[in-house]
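# Results of the structural survey
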Amino acid sequence: MKPETCKKLWETLGKTDKARQNKYTPLTQEEAEQWSNYLHNIPDDPKNNNYYIQLIVSTILSKELLVIPTLGHIKTAWEEISQKINTALDHMGKIEQRIQRILNNQETMEHEMRQTLVNSYLVHYESLPGEVKKMYPKRDFSEFLEGGKTHEVARNRGKRVNSPLGDWRSMMVIPE
């Protein structure tokens, strides 16, 4: 995060925290540079729209702090935000890999389970912040969902499914 962005973040925190607004003195250039060194792993906002600043401020203020936020609060808030984003993207990637295996006939799945898989993907997608969604466009699953009806027949619930080896008990001479 650049020193100018650190100043904007501090200013936004001051404007948003109505109870302690007068205690947020503006950062000097030296303080902003120190903050920038400490918060170097937080990215600057794309196109300068203060999106990440708003995410950090809302995360910090949702904790109902009784003190003025410190650098540690800011860093913790960003780690929490990035962990949620990374977890959602990781789950989405795993679901996409599984869908690809099913579409390539490397794995089979009943139609109802396909819909559950798509719903899980969409829940993770909707949990992403708006700026991240712009980088990962929503996927169309119509081919995947339609493929479940023609290729597979769902087994009746409660019916026994024999293994591919057939009657294994007779092969092993095991009495029933």
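Residues numbered from 1 in each chain as written. Predicted model: local features only at pLDDT ≥ 70, side-chain atom pairs only at ≥ 80, totals over all residues. Heavy atoms only, no water.

Looking only at helices and strands, the protein has eight helices and zero strands in total. A total of 176 residues make up the protein; the buried ones form 31% of that total. Counting contacts in the protein only where the partners sit at least 6 residues apart, residues at least 24 apart contribute 65% of the total. On the protein, roughly 12100 Å² of surface is accessible, and the fraction owed to carbon and sulfur atoms is 52%. (Helix = DSSP H or I, 4+ residues; strand = E, 2+ residues; numbered from the N terminus. Buried < 20%, exposed > 50% of the residue type's maximum accessible area, 1.4 Å probe, protein only. Contact = heavy atoms within 4.5 Å. Areas by Shrake-Rupley, 256 points an atom, 1.4 Å probe, with all protein chains shown as cover.)

The first and last C-alpha atoms of helix α4 (residues 71-103) sit 48 Å apart over 33 residues, in line with the 48 Å expected at 1.5 Å per residue. Within α4, burial applies to Ile74, Lys75, Ala77, Trp78, Ile81, Ile85, Ala88, Met92, Ile95, Ile99 and Ile102. In the stretch just after α4, Asn105 is the one whose phi turns positive, near 60 degrees. (Expected span 1.5 Å × (residues − 1).)

The biggest cluster of nonpolar side chains holds 36 residues, and the ones touching the most others in it are Ile56 and Ile74. Of all the secondary structure elements, the ones that give two or more residues to this core are α1 (3-16), α3 (51-61), α4, α5 (111-126) and α7 (142-151). Among the elements that make up this core, the one with the highest residue count is α4 (10 residues). When residues no more than four places from it in sequence are discounted, the contact partners of Ile56 are Met1, Leu9, Ile42, Ile74, Ala77, Trp78 and Ile81. (Core = buried A, V, L, I, M, F, W, Y, C linked by side-chain atoms within 4.5 Å.)

A complete count under the given rule lists five aromatic pairs for this structure. The interplanar angle of 65 degrees and the centroid separation of 6.1 Å between the aromatic rings of Tyr51 and Tyr52 together place this pair among those described as edge-to-face. When its relative accessible area of 21% is taken as the criterion, Tyr51 is described as partly exposed. Under the relative-accessibility criterion, Tyr52 is labelled buried at 9%. Taken together, the aromatic side chains of Trp10, Tyr24 and Trp35 make up a single cluster linked through ring pairs. Positioned over the ring face of Tyr38 is Lys75, at 4.4 Å from the centre of the ring. Cation over ring: Arg114 sits above Phe144, and NZ or CZ is 4.8 Å from the ring centre. (Phe/Tyr/Trp six-rings, centres within 6.5 Å; stacked < 30°, edge-to-face > 60°. Lys NZ or Arg CZ within 6 Å of the ring centre and 35° of its normal.)

This paragraph deals with the side chain of Thr59. Within the fold, Thr59 resides in helix α3. Engagement of the side chain of Thr59 in a polar contact is seen with the backbone oxygen of Leu55, the distance being 2.8 Å. With sequence-adjacent residues up to four places away left out, Thr59 is seen in contact with Ala77, Glu80 and Ile81. (Polar contact = N/O pair within 3.5 Å; in protein donor to acceptor, adjacent residues only side chain to side chain.)

Before going further, it helps to spend a moment on the environment of Thr28. With respect to the helices and strands, Thr28 occurs in the loop between α1 and α2 (29-38). Between the C-alpha atoms of Thr28 and Pro3, which are 25 residues apart in sequence, the distance is 9.7 Å.

Across the interface, α3 lies against α4 with an axial gap of 9 Å and an inter-helix angle of 105 degrees. Comparing their axes, α4 and α3 come out roughly perpendicular. Where α3 approaches α4, its residues Tyr52, Leu55, Ile56, Thr59 and Ile60 are matched on the opposing element by His73, Ile74, Ala77, Trp78, Glu80 and Ile81. In terms of residue class, the contact of α3 with α4 is made up of eight nonpolar, two polar and one charged. (Axes fitted to C-alpha atoms, helices over the stretch in contact; angles between N-to-C directions. Parallel < 35°, antiparallel > 145°, perpendicular 65-115°, else oblique. Nonpolar A, V, L, I, M, F, W, Y, C, P; charged D, E, K, R; others polar.)

Here the focus is the confidence of the model for the protein. Per-residue confidence for the protein gives a mean pLDDT of 81, with 82% of residues at or over 70. At the low end of the mean pLDDT range in the protein sits helix α8 (residues 168-172), at 45; at the high end sits α2, at 93. For residues 148-153, every residue scores under 50 in pLDDT, and the model assigns this stretch nine contacts once sequence neighbours within four places are set aside. (pLDDT = per-residue confidence, 0-100.)

Looking now at a negative patch on the surface. A contiguous patch of negative charge, built from Glu4, Glu30, Glu31 and Glu33, is present on the exposed surface. Element by element, the count of residues in the negative patch is highest for α2, at three residues. When you line up the elements, Glu30 lands in helix α2. (Patch = residues over 30% accessible without salt bridge, like charges linked within 9 Å, V, L, I, M, F, W, Y side chains within 5 Å. Salt bridge = Lys/Arg side-chain N within 4 Å of Asp/Glu carboxyl O. Lys, Arg positive; Asp, Glu negative; His and termini not counted. Charge placed at Lys NZ, Arg CZ, Asp CG, Glu CD.)

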